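Inside the fold
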Amino acid sequence: LICTPGAAKSMYSYNAWVPPPCYAMTRLNNDALVQQQLEKLFDHIRIVFARGDAAHAQWIIDYFCFILQKPGVLTKVAIVLIGLEGIGKNVITDFITKLLGEHNVFQTDDPINTVFGKHSDGVKGKMLLILDEAHKLNVVDDRMKNLITAPTLKVEYKNIQGNHLFRNTVNVIV
């Protein structure tokens, strides 16, 4: 039994990963309402996240498109959102969570315990990790770098001897 986004089918394993809900959507053919909503979202990305820089905004949009189009493939970079409370940082994370499905996203405001803790496997099989309140993560070390770039992660399950490796499929927003 594996839980790996985008893994090829095999006669030796069963992939318990559930694709994002947006994969079941049919192509939207110039629906004016959808286009209008997407333009609002893209404007929000450009204004709030990219500080008006169209090239940076396009990079952020491409980042999310990559995650949707290549499940299980690491971007090997993290997006770090910095700003005052209430400026709309969660607008994009809420939208991408709806596209990916809550079952493919792990969101936490306690990464020390839920992501980096000894028995933590919350990111296993996830496409996206959203670390809220990153100021609580006052230790930026090899664990964070490893989470963003390593092909495998390890966990020590309770009452099971030894470390167990699993394929890293999670991309990160801080």
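Here we summarise the structure given alongside this text. Being a predicted model, the structure only gives us computed values, none of them experimental.

Position of L131 relative to the elements: it lies in strand β3 (residues 128–131). Here L131 falls in the buried class, since its relative accessible area comes to 3%. The spatial distance from the C-alpha of L131 to the C-alpha of T108 is 5.4 Å, given a sequence separation of 23 residues.

This part takes up a negative patch on the surface. On the surface, E85, D109, D110 and E133 cluster together into a negatively charged patch. Of note, E85 is situated in the loop between β1 (78–79) and α3 (89–100). Its relative accessible area of 80% is what places E85 among the exposed residues.

The subject of this paragraph is the nonpolar core. For soluble globular proteins, nonpolar side chains are generally found buried alongside one another. Counting residues in hydrophobic clusters, the biggest one holds 24 residues, and the most contacted among them are I45, F64, L100 and L128. Those elements that provide at least two residues to this core are α1 (32–49), α2 (54–69), α3 and β3. Broken down by element, this core gets its largest block of residues, seven residues, from α2.

Conventions adopted
- Residues numbered from 1 in each chain as written.
- Predicted model: local features only at pLDDT ≥ 70, side-chain atom pairs only at ≥ 80, totals over all residues.
- Heavy atoms only, no water.
- Helix = DSSP H or I, 4+ residues; strand = E, 2+ residues; numbered from the N terminus.
- Buried < 20%, exposed > 50% of the residue type's maximum accessible area, 1.4 Å probe, protein only.
- Patch = residues over 30% accessible without salt bridge, like charges linked within 9 Å, V, L, I, M, F, W, Y side chains within 5 Å.
- Areas by Shrake-Rupley, 256 points an atom, 1.4 Å probe, with all protein chains shown as cover.
- Salt bridge = Lys/Arg side-chain N within 4 Å of Asp/Glu carboxyl O.
- Lys, Arg positive; Asp, Glu negative; His and termini not counted.
- Charge placed at Lys NZ, Arg CZ, Asp CG, Glu CD.
- Core = buried A, V, L, I, M, F, W, Y, C linked by side-chain atoms within 4.5 Å.

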